[in-house]
Each structure stands twice: as C-alpha cells, then as structure tokens.
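# Structure at a glance
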Amino acid sequence: MRRTLIAGGLALLLLATACGESRRSGPPAAAGSPTASRQDPAQVERTLASLRKIDDLPMYEMTYDGDYDPTAGLAGSTPPSPFGCSLFAALADRDRPLFARNFDWEPNPALVLRTDPPDGYASISLVDISYLGVSADPTGDRRLLDAPLLPFDGMNERGLAVGLAADDGARAEPAPGLPKVGSVRILRLVLDSAATVDEAVAVFRRYNLDFDGGPPLHYLLADATGASAVVEFVDGKLTVDRRQGPWQALTNVPAVGVPDRELRQDHRYGVLAKELDRTGGVVDAAGALRLLNAVRQSHTRWSVTYGLRSGEVRVVTAGGGTRDYRLPMSD
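Residues numbered from 1 in each chain as written. Predicted model: local features only at pLDDT ≥ 70, side-chain atom pairs only at ≥ 80, totals over all residues. Heavy atoms only, no water.

## A few points about the overall build of the protein chain
Stated precisely, the cut-off is as follows: For helices the rule is a DSSP run of H or I covering at least 4 residues; for strands it is a run of E covering at least 2, with both sets numbered from the N terminus onward. A simple rule labels every residue: compare its accessible area, found with a 1.4 Å probe on the protein chains alone, to the largest value its type can have, and call it buried under 20%, exposed over 50%, or partly exposed in between. Contacts are assigned to residue pairs with any non-hydrogen atoms lying within 4.5 Å of each other. Computed with the Shrake-Rupley method and a 1.4 Å probe, the accessible areas treat only the protein chains shown as cover for residues.
Tallying secondary structure elements over the protein chain gives six helices and 18 strands in all. Going through the 331 residues of the protein chain one by one, you find that 58% of them count as buried. For the protein chain, contacts bridging at least 24 residues in sequence account for 70% of all contacts bridging at least 6. When the accessible area of the protein chain is evaluated, it comes to approximately 13200 Å², of which 50% is carbon and sulfur surface.

## Observations concerning the sheet that holds strand β8 (residues 151-156)
To keep things clear, this is the line we draw: DSSP-based pairing: two strands are paired if at least 2 bridges between them are found. Helix axes are fitted to C-alpha atoms over the stretch in contact, other axes to C-alpha atoms as well, and angles between N-to-C directions run from 0 to 180 degrees.
Here nine strands make up an open sheet; going across it, the order is β2-β3-β6-β7-β8-β9-β12-β13-β14 and the pairing mixed. Two strands lie at the open edges of the sheet, namely β2 (52-55) and β14 (237-242), each paired on one side alone. Between one strand and the next, the sheet's axes are offset by a mean angle of 20°, whatever the strand orientation. In terms of strand pairing, β8 meets strand β9 (residues 161-166) through three bridges, oriented antiparallel. Across the sheet, G154 pairs through a bridge with V162, a residue of β9. On top of the sheet, helix α3 (residues 197-205) reaches β12 (217-222), β13 (228-234) and β14; it is set at about 170° to β14, its chief contact.

## Considerations on the packing of helix α2 (residues 185-193) against α3
Two quantities define a packed helix pair, namely the angle between the helix axes and the distance between the axes. To keep it simple, the criterion reads: Roughly parallel here means an angle under 35 degrees, roughly antiparallel means over 145, roughly perpendicular means 65 to 115, and every remaining angle is called oblique. For a crossing to be left-handed, the near helix must be turned anticlockwise from the far one by less than a right angle; the clockwise case is right-handed. Classification used: nonpolar for Ala, Val, Leu, Ile, Met, Phe, Trp, Tyr, Cys and Pro, charged for Asp, Glu, Lys and Arg, polar for all others including Gly.
Two elements in contact, α2 and α3, have axes separated by 9 Å at closest approach and are oriented at 140°. Classed by the angle they form, the pair α2 and α3 counts as oblique. By crossing handedness, the relation of α2 to α3 is classed as right-handed. Taken together, the residues of α3 that come into contact with α2 (itself represented by I186, L189, V190 and S193) are E199, A200, V203 and F204. Tallied by class, residues from the contact of α2 with α3 come to six nonpolar, one polar and one charged.

## Let's talk about the pattern of salt bridges
Pairing between side chains becomes possible if they bear opposite charge and their charged atoms approach one another. Let me state the cut-off plainly: A pair is scored as a salt bridge if a Lys or Arg side-chain nitrogen falls within 4 Å of a carboxyl oxygen belonging to Asp or Glu.
Scanning the entire structure with this criterion turns up 18 salt bridges. For E61, the salt bridge is made with R323, and the minimal N-O distance between the two is 3.4 Å. Taken together, the residues span a long stretch of sequence, with E61 in strand β3 (residues 59-63) and R323 in strand β18 (residues 321-326) at a distance of 262 residues. Owing to a relative accessible area of 16%, R323 belongs among the buried residues under this scheme. A salt bridge links R96 to D93, with the shortest nitrogen-to-oxygen separation between them at 3.6 Å. Salt bridges sharing common partners tie together E61, R114 and R323.

## Some remarks on the layout of surface pockets
Convention followed: Both site types are read off a 1 Å grid over the protein atoms alone. A 1.4 Å probe that fits but cannot get out defines a cavity, while an open set with protein on both sides within 12 Å along at least five of seven lines defines a pocket; lining residues have an atom within 4 Å of a point. Grid points are joined across faces, edges and corners, and a volume is the space filled by probe spheres set on the points.
As a volume, the largest pocket reaches approximately 330 Å³. Residue assignment for the lining of the largest pocket shows that the elements contributing at least two residues are β16 (300-307), β17 (312-317) and β18. Its residues placed into classes, the lining of the largest pocket shows nine nonpolar, three polar and nine charged.

## Digging into unusual backbone geometry
Of note, the bond from L57 into P58 is cis; its omega dihedral lies within 30 degrees of zero at 10°. Within the secondary structure, P58 sits in the loop between β2 and β3.

## Quick look at the environment of T225
The following threshold applies: In the analysis that follows, any N or O atom pair within 3.5 Å is treated as a polar contact, provided that within protein one partner can donate a hydrogen and the other can accept it, and provided that, for residues neighboring in sequence, both atoms belong to side chains.
Here T225 is to be found in the loop between β12 and β13. In the structure, T225 is positioned 83 residues away from L308 in sequence and 8.5 Å away in space, judged by C-alpha atoms. A distance of 2.5 Å separates polar atoms of two side chains, one belonging to T225 and the other to D223.

## Some words on the pairing of β17
Examined bridge by bridge, β16 and β17 share five bridges and lie antiparallel to one another. Each bridged residue has a counterpart across the sheet, and for S303 the counterpart in β17 is V316. Hairpin connection, β16 to β17: the antiparallel pair is bridged by four residues, and G311 has positive phi, about 80°. As paired strands, β17 and β18 are joined by five bridges and run antiparallel to one another. Bridged to V315 within β18 is R323. Between β17 and β18, which follow one another and run antiparallel, lie three residues, and G320 among them has a positive phi close to 95°.

## Section: helix α5 (residues 267-279)
Residues three or four positions apart in an α-helix share a direction because the helix packs 3.6 residues into each turn. We count it as follows: Expected span, for any helix, means 1.5 Å times one less than how many residues it has.
If you check α5, its first and last C-alpha atoms are 19 Å apart, about what 13 residues at 1.5 Å a residue would give, namely 18 Å. Residues of α5 that are buried: R268, Y269, G270, L272, A273 and L276. Looking at the buried positions of α5, the neighbouring elements they touch are β4 (86-90), β5 (98-104), β15 (247-250), α4 (260-263) and α6 (285-294). Of the residues trailing α5, G280 is marked for its positive phi of about 65°.

What follows is the structure, encoded as structure tokens:
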C-alpha cells in the first residue's frame with residue numbers, strides 16, 4: 001500500500017556545529033548514471049523534483065517514487081572514513097519502544113530518504129550521499145536514484161530499525177554458496193523485507209558481507225515488539241547477541257560475548273548504560289536526544305530517534321536543525 005510520509009517543521013536546538021565543509025566534491029550534476037532505478041521517466045522526474053534542502057549541513061530530503069533493484073552492484077562497500085557512532089534501543093515501555101543513534105562521520109552531504117517499493121516495506125532512512133559521487137548540491141543529479149542502496153540507519157513501516165557502527169576487530173569469512181552484499185547495502189535488504197528482529201537476522205544470514213574498502217562493521221537491530229539484537233562477526237562468523245534486559249546499546253567496541261563491566265569501560269557505552277540503567281530502559285525522544293548529546297563527538301553528523309510503534313522520526317543535524325517525520329505504521 002502506498003503511504004504518505006509527513007515531514008514536520010524545521011526548528012533549532014542549542015547544539016554547536018560539529019563538522020566543517022566537505023572535503024570531497026562530486027562530478028557535475030549532469031554526469032553519472034543510476035544502476036538501481038527501475039522507474040519510468042515520470043517517476044524519475046517526480047523523485048528528483050521532490051528533493052528539498054532542509055539544513056545547511058547540507059542535508060536534503062527526497063521521496064523515491066517507484067521501484068528499484070536493491071541488489072544492483074551487490075559487492076559495493078564504503079571507503080575508509082572516521083566511523084564512530086553510538087546506538088541504543090530503549091525497550092522497557094512496550095507501548096513506546098525507541099531506537100536512537102549518533103552518526104559520526106566525515107562532513108559530507110546527507111539525505112533523509114523516503115521509500116515505498118511495490119514489493120517491500122515503506123521506510124525512512126538516512127544516507128550519506130557523497131558515496132553516490134554527488135556534490136554538496138545534488139539538484140538534478142540522477143545518481144540520487146541510487147540513494148536507496150546506501151542507508152546508514154533507518155526504520156520501516158513494521159517498526160523494524162537498524163543502524164551500523166565500526167568494529168575494527170570484526171572479520172567476515174565467506175560461507176560457500178552465498179551471494180556477496182556490501183556492508184551498508186545489507187541495511188536496505190533488511191528494511192525492505194524484515195518486519196522483526198528474527199526476520200532481519202535471517203536476511204543477514206542469507207549473504208556474505210563485504211567489508212573490503214571500508215571499516216568492518218557491526219549492527220544494532222530493534223523492532224516494535226521490544227526485541228533487539230546485535231549482529232557481529234566473531235572469529236569470522238556471524239554471531240547474534242539478543243537483548244537480555246530492557247535496553248541494548250552499541251558503540252565501536254566488540255559487544256558479543258564481552259562482559260558488561262568490560263563494555264562499560266568504553267566511555268560512550270558507559271554513559272549510555274548508566275543512563276539507561278537509571279531509567280530502566282524507558283526513554284522518550286527528547287530524553288534520547290539528550291542522551292545522544294551526552295555522547296556526541298566533534299564529528300557527529302546527525303542524531304536520530306525512531307519510534308518503533310508510533311512511526312515518529314526526529315533528525316537533529318550537527319548544525320542544530322531539527323526535522324520531524326511520521327512514517328505510517330502497518331500491522
């Protein structure tokens with residue numbers, strides 16, 4: 001079912017900017033050809049016409065009209081970058097489970113992307129569009145039609161959310177007979193096809209993840225039922241750590257099989273854990289953003305909260321802009 005995603009107004013928060021101007025610029029907008037688009041010319045025109053600048057980061061928003069092939073160019077990964085990231089799921093309030101994350105990265109242009117593929121779930125995701133090769137002003141650049149392929153975090157209409165973070169100790173050994181998928185691309189496959197954490201883990205297990213050309217990653221998943229899990233690669237093998245309490249968090253240290261007292265030695269994880277313990281895993285969007293602010297870094301690009309049952313999404317950029325969205329949820 002086609003659904004309308006409603007964006008709220010732009011406000012300002014008292015956050016200092018964390019990033020300077022991008023050090024990377026893409027070719028002219030006329031250059032480049034998308035590989036994923038399965039749109040007709042009218043859908044292409046409507047998609048590119050929906051592009052709006054919403055923040056001086058710069059950050060844009062765009063609604064993708066029509067279909068795309070999420071497996072186009074499966075082997076693609078991301079170049080080396082200063083990955084950081086802090087993520088958590090606060091799940092004790094079963095009526096208001098919440099997923100939140102800081103995205104710590106280079107100061108590249110970003111995109112809030114709304115998709116509703118005919119054979120998959122509608123979703124809202126955030127994309128670093130510099131890895132599409134576009135410039136800080138992507139107006140008219142057809143490479144934006146490949147934006148669905150690179151979600152760095154997101155939530156779909158079933159309340160399944162996923163985000164990634166660097167894990168320098170991870171190593172993924174290929175399993176015989178499985179297709180290869182890029183370490184960021186896997187998020188698109190999850191958002192399009194998984195309604196629960198169990199289904200998302202099953203998607204991960206159907207592919208060999210490709211970390212070539214970028215930092216190894218691990219992932220946090222959470223869903224509207226209050227389930228969550230960390231997906232990580234331990235000794236080359238995909239390993240899953242499911243939630244054992246009212247919250248689950250992830251930063252840039254290995255988490256699977258690591259005692260809690262050791263995890264808390266990581267500063268950002270320790271700050272998250274202390275506050276989530278204090279609240280018993282009950283946090284609203286405003287409280288989640290305050291907690292994300294407590295662990296933000298100089299290169300934090302955006303902070304985002306996803307209401308896993310409400311469909312409410314709030315994005316705060318390094319420049320202090322706030323944007324609210326609502327994703328209509330389905331059963």
